[in-house]
Every structure is written in C-alpha cells, then in structure tokens.
Amino acid sequence: MKAERRRFLAAGTVAAISIWLPLSGPLRAARFLQGNTPLPTRGEINDWVWIQDDGRILLGVSQAEVGQGIYTGLAEVLADEMDADWEQVSVQFVTGREAYRQVAGGEAKSQFVAASTSMTVFYPRLRQAGAQARDLLRRAGALYFGVAPDQCRTEKSHVIDVVDGRRIGYAELLSLASRLKPDPDAPLKTLDESRKGLIGARIHRIDTRAKVEGSAIFGIDVQVPDMLIGVPWMVPGFTGRVLGIRNAATIRALPGIVDLVPSRHLSINNMVGRDPDHSPNTIIVVAHSYWQARKAADLLDVDYDPGPGADLDSAGIDAANAAMLASDKLVTATDRGDARSLIEQAAIQTDPHLHEARYSAPYSNQATMEPCNATSFHRGDHIETWGPFQGQDVIRGALGKMFKLAPDKVIVNTTFVGGSFGRKYIPDAVIHATAASRAVGRPVKVIYPRDIDIQHGYFRPGEIGHFRALLNADGYPKALWARYAGQSLFWQMHRDFVEKAGGWDETMVECVYDTIYAIPGLRVESGIVDQVIPVSYMRGVGSVASLFFYESFVSELADQAGIDGYSYRRRLLAAEPEALAVLDAAATAAGWHQPLPPGHYRGLAFNEWEGRNHAFTSHVALVIEIRLVQGKVSIVKATCAVDCGRVINPNLVKAMMEGGIGFGLTIAFKSQLHFKHGATVEENFNTYPLAGIQAMPEVEVVLIDSPREPQGVGEIATAVVAPALADALHQATGRYYRELPFPPEVQPDRI
C-alpha cells in the first residue's frame, strides 16, 4: 500500500467509520506495538512480562495475528492473572525463545500458529506467567511496606496493603523485585477471581484501530532501506523446470530491471526430502518497482520442460479417485459391529432399509486477501526477513538449511498477516525473496501476483465418498459404512503418520472415524490416490469434505426415517451431554419447532471437533434458514451454538464463528479448482470467486458456559456450513445436494 493511501485512510476514513465501529471504549485501552521494537533491556519478569519505567506493562504474545484476535485474547489471560491495568498494557509479538514453541497439530516443536491450538496451548502457560509476575510483585510490595506478603493484594498494576490501604505501582517495585526469586509454581487465581476481571469480558480487539485507519503493517507494506521488488514467473504446472530464457537480454534492458534470478518453487515432496530435484522452475524478476517487475515477468519468453505431470487434468483425477473408491485397496480406519457384512447382506437382499449416497468435494485454494509475500536481506553471515509468517521456526529451519546457516542466524520479523487459513505456514515466498536478495546483494520484497498466488499454491485436496447405512425399525442406523478416496494431505506432509496408522490418513476421515454418534456398527475406510499436486493445510483441513459427506448423509437418514434432523441427532447423541447441550442451544435459539413463514426452510449440522493429537475438544451446531421464492434462494439467518470451553473473550469467539460461516459459504457455493495440461486452470477472482460481505446472513452465536479450560475455536464453524445448507436446500427443493460447490441454480443472488 502506498503512503498516499495510508495518509488518506488516516486523515479521512477513521472519522467516518468510527461512527459505526467501536474504536475506543472503557475496555479497549491496551495497545499493540508494531515494527521491530526491541524488547526492553530491563524490567523483565519472565519470558512474557516486562514492566517499564513509565508504568506501562509490556506483554509478549508469541502467536502471530492472522485475524483471529490472538494478540487481544492471550494478552487478556496474562493481564488478568497478574492484575495488570488494561489501560496501561502494551502488547508485542515475541519470538526466538523456547517458551514460545509448541508441539501441536502434528508438527514438531516450534514456534507457529495453526491447528486452532493457540489459546489451548498457551492459556496455561500465560496464566502461570501472570501468576508468577503477580506473586513476585506482591512479595516486593510486602518488602516495601515492611509487612507479610499475605497482608498485600494486587489490583490494576498496584500492590495494596490491605490493613492501611497504602498502595504502590508495579514499576516502582522493580528494584525490590529484582532481588527476589520468581516462583515457577506461583498460585493461580481461582475461577471466581478471574470472573471479576478481564476473563469473559467483551473487550475490543487491540488491533482494530490500526487496521481501520490504515496504520497496520502487513507483510506487503514492509519498507526496508535500499529495497528492491521481486515478482515471480513460474513454470505452468507442478513438475516443470526452466531450460532457459529466450529473451533475457531484452528483459534485462527494460527500465528498472535489476536482475533475473532463477529459483525453485518447492513442492511439499521437496520440503520433506522425498524429491531431490531442485531444478529451477521459477524466475524472480527483480526491479525497482512492482509494476516494472510485473510487466517484465509478463513479457518473459521461457523455454521449459513441463515434466512428468504434464498430462494431469481434472478428468484423470476424477477417474483415479473413482477407481480407488471401487477397489479393494481402501484401508480401514474404524471397524466395529460387523457393519460391512450387515450392509453387504442387506444389499444382496435389496433391503428397503438400506440407504446409500455418493459425495464429492473439489480441490480448493486459501485465496487470502493479502497475496503471499516476503521481504528478505541475505547479508552473507546472516539473513533477516520480514513478512506475514505463520511459522517462525519453519522459516529459520528452511532458510538455514538452504543457505547453509545456523537457524539462529536467521532473524524473523513478523507483521500482521492479511489472511492465511494455513497458506502462510509454507515458507515459499521467503525462500524466493532470500534467493533474490543473495543474487543482487540488497533486500528484496517478493510479491506474488494473484494468478501466481492461486495457480501455484498448496491446496486442500479433493475427495469423493460412498456412504451406505442399514436402518433399524425406528429409522436409526444400526450399521454405517463410509468409504473415502482422494489425495492425502498427510501422505505428502507427514507420511510417517499414515504409515504408523497402517495406511490411512486421519485428515481424510476426520470427525467421522471417531464420531460420537451412537451407531452400533461403523466401518470407515480411506484410499489414498497419490498425485503431484502440492497440498497443505487450509482452514477446516479435511473435515470440510469428510463432514460434508457425513452430516449430509445423517440428514438423509433422518429424511428417510421421516424424523426431523434435530430430533434424529438428539437420539444419536443421547449419551453425550455436552454435545446435546450445544445441539439444544442452537435449535432453541433458531426456534426449530416454531412454524416458519411460507417459503422458508431450515437445515442443521453438528460436529464434535477434536484437535489433532487430542489437543482439544469443541462442539458446534449450526442451523441455517433459507428462503426460496420464485426459484430464487436467499440465506436468511445462521444460528450457531458452540462449546469451546471457558470463553476468554466472547467478542473474539463470535467473530471466529461469523468468519468461519462466511468461509463456509464460499466453500459451499464457489470454491473449486480445475486442472488441465498439468496446471491449475483458475487464475484470479474472476474464475475463482469468493463470497463477499454482502453474502453474509444475519448470524446469531450462542456461547455455552463451560467449566473446561479454553478449547480450539478457529476452524470449527467452517465444516458445518455446507451440510446445514444441503439439508435446508433439500427441505426446500426435495433434492439431495451431494457435490461441492452446489449448482448455480441454488446459489443465492448475493453470493
């Protein structure tokens, strides 16, 4: 973003927009420090807390802000536990220490944000850090007052003598506190004590003002002295390599062009060490401005070999998936109650209680609003990077290995992330920027044009499914057999996980192989179809497809039994009180048993999301109401109930549910990648459109009060949208909708 636009936003937009948005208020006083502000050299209490001479308290947050509000949520946990005055709190991103690393989401111990684990993992750490700070300062205050520590309490960054009311600020106690040894097991506040403070309060996000007024620094905004701009040209397809540039001399002679740098856009197989071919498949055009680099990249005449994947196309992918699904090569993930033999026997007897359906979901792209970008300066003995990064240690490790430096010689500066959904966990942009910087000897910011961003991403894999169920006399499944086939995420990223499991990938069947529905006979199988298409994490991961198949099928079973979807699921969840509470809350808020106006219809979906490696358990239920008038569909309302454990900030959770529903609408009605001649067909938002803000219905979010510690919430709303919509559309039209995205004739006008 150019400075002129920044000045426009700062000067004019805020005055108008603040009429509508709560940019200030009694509980929105903390601030976020941007840029490369160094941590204070004194006043450090622990890895997370610094007390400054002016009385402000600096709190560190190690999880990147990708739009989820984590700078606010985790800071609340710290500030509440240490009794910090929220009006005097500053928040800063911190990196590089062991305390900032986690083991989660199937990833090795490192610093990263992903898998909806930030609050779950760091809540206990930051509570303990806050308690440690509060205890240390209380003991320092007791020394100052000359009394026993139990005669003191803390409140709003002060220690108070409870007998005579004397008080002293935290900052004034730094010298005394430095003489004391912090207690690593300092006692935590009770839940009742926390409820009187920041926890559970509707605190405004600390990054809202900066994002609205235009001062927020995203990766694409980074400016470094003497910086150049790089724009990549990439070989079409996933397996090609550059042979030469026919018009290199002509391109180099264009105004502003500095260099043409060969690079490798790594496949996941490259990254995990299974593919040793690192032949260049990318040319980074380095210039003085983006427009110069972009125009030159468009003019490149590159001789390239498309490689062994040149024949890849959507028809071939579909055929391979279908062949796998029809084969006997699928691997069993769950098998109980002899489901297969019961269903096979029912099929032979053409039992009328047997119901079956086939489903499909396409490949899709994260399509973040801020395209992939990164800035890097290769200084010879060390590298410094700036950008919208999800995985700080991923970058240290990748650049250290590629450029033969120790990881601690890679400095990682993390900006705001303009949308990620998993995409910016992959370090491809910073690898290109570092290669370009090494070649030209100056800092280089690499920016992906939108066509590169969409065509050369790391996608969510497509898959298909075949479901069969045998119903009992009451219409409920006594046996269910689910078969999945498609490309496997973990077969590329974590093949050892698949091999350890015996050949099946949990991301292909997640939320299904471990379903909590009471189904006596259950068999879940998956078949992996290997493809050259690079795949990676995307919001909702495999559940977006697997749960669409499963919950749509459950709705079909309810329809076959003549039972409404809510009552049907209530019986299936009769032994699960936490799940029932969520289901009941969504149905009650949506007025499930109340009559609807003519032309209105409802659909329902439920999910228990268990985080990777049992990191957390969250429950969500979604009711979607649609209107069908003269063949036109519109989405009237989405009512979502969620149990995500203890709610730190209701505003943040509700925003995540709303955002997840919006993301789910794009998946249901828009997202679909096609492949031809070994390459991605879609290239921009005209061919890969997203649902805009105008598509959002009214959203009501019901938060379930829970005694459990905070659970993951970032991805749980996304997967229930499509099956709830499919149910509502079936109620409206009498048809079953089994393929994503849904057909154009049922797409709402506003979508």
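From a predicted model like this one, the values you see are computed outputs, not experimental measurements.

How each quantity is defined
Residues numbered from 1 in each chain as written. Predicted model: local features only at pLDDT ≥ 70, side-chain atom pairs only at ≥ 80, totals over all residues. Heavy atoms only, no water. Helix = DSSP H or I, 4+ residues; strand = E, 2+ residues; numbered from the N terminus. Expected span 1.5 Å × (residues − 1). Polar contact = N/O pair within 3.5 Å; in protein donor to acceptor, adjacent residues only side chain to side chain. Buried < 20%, exposed > 50% of the residue type's maximum accessible area, 1.4 Å probe, protein only. Contact = heavy atoms within 4.5 Å. UniProt positions renumbered as here; feature names shortened; annotations may be inferred. Domains from an automatic or database assignment. Buried area = accessible area lost by both parts, 1.4 Å probe. Salt bridge = Lys/Arg side-chain N within 4 Å of Asp/Glu carboxyl O. Nonpolar A, V, L, I, M, F, W, Y, C, P; charged D, E, K, R; others polar. Pairing = 2+ DSSP bridges. Axes fitted to C-alpha atoms, helices over the stretch in contact; angles between N-to-C directions. Disulfide = S-S within 2.5 Å. Core = buried A, V, L, I, M, F, W, Y, C linked by side-chain atoms within 4.5 Å. Parallel < 35°, antiparallel > 145°, perpendicular 65-115°, else oblique.

Quick word on helix H20 (residues 650-669)
With 20 residues, H20 extends 29 Å from end C-alpha to end C-alpha; this agrees with the ideal 28 Å at 1.5 Å per step. Where H20 starts, the residue carrying a side-chain oxygen 2.9 Å from the main-chain nitrogen of Asn-651 turns out to be Asn-649.

Description of helix H21 (residues 721-733)
Its 13 residues place the ends of H21 18 Å apart at the C-alpha level, agreeing with the 18 Å of an ideal helix rising 1.5 Å per residue. Among the 13 residues that make up H21, 11 are buried, leaving the element largely enclosed by the rest of the structure. Listed as buried for H21 are Val-721, Ala-722, Pro-723, Ala-724, Leu-725, Ala-726, Asp-727, Ala-728, Leu-729, His-730 and Ala-732. Buried positions along H21 lie against helix H17 (543-561), strand E22 (600-610), strand E23 (617-629), strand E24 (632-643) and H20. In the segment just after H21, Gly-734 is the residue with positive phi, at about 80°.

Concerning the UniProt feature "domain: Aldehyde oxidase/xanthine dehydrogenase a/b hammerhead" (unreviewed entry) in the protein
Under the UniProt annotation, "domain: Aldehyde oxidase/xanthine dehydrogenase a/b hammerhead" (unreviewed entry) lies at residues 213-308. Span residues 213-308 is 21% helix and 30% strand, its end C-alpha atoms 49 Å apart.

Brief notes about the domain arrangement of the protein
Here the protein is partitioned into domain 1 (31-213), domain 2 (219-309 + 374-446) and domain 3 (315-364 + 460-746). Here the C-alpha centroids of domain 1 and domain 2 sit 38 Å apart. Taken together, the contacts link 20 residues of domain 1 with 15 residues of domain 2. Carbon and sulfur atoms make up 53% of the area that domain 1 and domain 2 hide from each other, which totals about 1300 Å². Summed over the shared surface of domain 1 and domain 2, the number is 1 salt bridge. Arg-101 is the salt-bridge partner of Asp-393, the closest N and O atoms lying 2.5 Å from each other. Residues of the side of domain 1 that touches domain 2, tallied by class, amount to 8 nonpolar, 7 polar and 5 charged.

Some thoughts on the pattern of salt bridges
Should their charged atoms come close, side chains of opposite charge can pair. Counted under the stated rule, the structure contains 45 salt bridges. For Asp-584, the salt bridge is made with Arg-570, and the minimal N-O distance between the two is 2.7 Å. Linking Asp-584 in helix H19 (residues 577-590) with Arg-570 in helix H18 (residues 565-572), this pair joins segments that are 14 residues apart in sequence. Among the residues examined, Arg-570 registers a relative accessible area of 31% and is labelled partly exposed. Linked by salt bridges that have partners in common, Glu-98, Arg-101, Lys-109, Asp-393 and Arg-396 make up one network.

Observations regarding the sheet that holds strand E19 (residues 463-471)
Pairing in this open sheet of 5 strands is mixed, and the strands run E13-E21-E20-E19-E14 from one edge to the other. Sheet topology places strand E13 (331-336) and strand E14 (354-361) at the edges, where each strand pairs with a single neighbour. Ignoring which end each strand starts from, the neighbouring axes of this sheet average 10° apart. Two strands pair when backbone bridges link them, and strand E20 (residues 477-486) and strand E21 (residues 521-528) are joined in this way by 8 bridges, in the parallel orientation. Note that in E21 the partner of Gly-486 across the bridge is Ile-528. Of the strands in this sheet, E13, E14, E19, E20 and E21 touch helix H11 (residues 339-348), which is tilted by about 95° from E20.

Observations regarding the side chain of Ser-618
Within the fold, Ser-618 resides in strand E23. In this structure Ser-618 comes out as buried when scored by relative accessible area, which is 1%. A polar side-chain atom of Ser-618 sits 2.6 Å from the main-chain carbonyl oxygen of Gly-712.

Focus: the pairing of strand E5 (residues 152-155)
Here E5 shows one buried face, formed by Cys-152 and Thr-154, and one open face, formed by Arg-153 and Glu-155. Pairing of E5 with strand E6 (residues 158-161) involves 4 bridges; the strand directions are antiparallel. Bridge pairing in E6 links Arg-153 to Ile-160. Where E5 folds back on E6, the antiparallel hairpin that results is connected by 2 residues, among which Lys-156 adopts a positive phi of roughly 45°.

Remarks on the state of the cysteines
Scanning the entire structure with this criterion turns up 0 disulfides. A disulfide-free cysteine, Cys-644 has its sulfur positioned 9.8 Å from the sulfur of Cys-640, the nearest such atom.

Remarks on the environment of Gly-400
Mapped onto the secondary structure, Gly-400 falls in helix H12 (residues 392-402). The exposure class of Gly-400 is buried, given its relative accessible area of 6%. Measuring from C-alpha to C-alpha, the distance between Gly-400 and Asn-247 comes to 33 Å, with 153 residues separating the pair along the chain. For Gly-400, the residues in contact, after removing those within four places along its chain, are Ile-395, Leu-405 and Val-410.

Notes on the nonpolar core
In terms of nonpolar packing, the biggest core is built from 180 residues, with Trp-48, Val-49, Leu-480, Leu-725 and Phe-742 touching the most fellow members. Filtering out sequence-adjacent residues up to four positions away, Val-49 remains in contact with Gly-43, Glu-44, Ile-57, Leu-58, Leu-59, Leu-78, Met-82 and Ala-133. Formed by 27 residues, the second largest nonpolar core is a distinct cluster that contains Ile-284, Ala-374, Leu-399 and Phe-403.

What about the sheet that holds strand E16 (residues 383-387)?
Strand order in the open sheet made by the 7 strands is E10-E11-E8-E18-E15-E16-E17, with mixed pairing throughout. Each having just a single partner strand, strand E10 (257-263) and strand E17 (410-414) make up the two edges of the open sheet. Along the sheet, successive strands turn relative to each other by an average axial angle of 25°, direction set aside. One ladder, built from 5 bridges, connects E16 with E17; its direction is parallel. Each residue of the ladder has a partner; that of Thr-385, found in E17, is Val-412. Taken strand by strand, helix H9 (residues 290-299) contacts strand E8 (228-234), E10, strand E11 (282-287) and strand E18 (444-447), and its axis lies near 20° from that of E8. Contacts between H12 and the sheet are confined to E16 and E17, with E17 contributing the most and set at about 145° to the helix.

Side note on the packing of H17 against H18
Geometry of a packed helix pair, given as the angle between the helix axes and the separation of the axes. The N-to-C vectors of H17 and H18 enclose an angle of 105°; their axes lie 9 Å apart at closest approach. Between H17 and H18, the angle falls in the class roughly perpendicular. The residues of H18 that touch H17, namely those facing Glu-551, Val-554, Ser-555, Leu-557, Ala-558 and Ala-561, are Gly-565, Tyr-568, Arg-569 and Leu-572. Counted by class, the contact of H17 with H18 contains 6 nonpolar, 2 polar and 2 charged residues.

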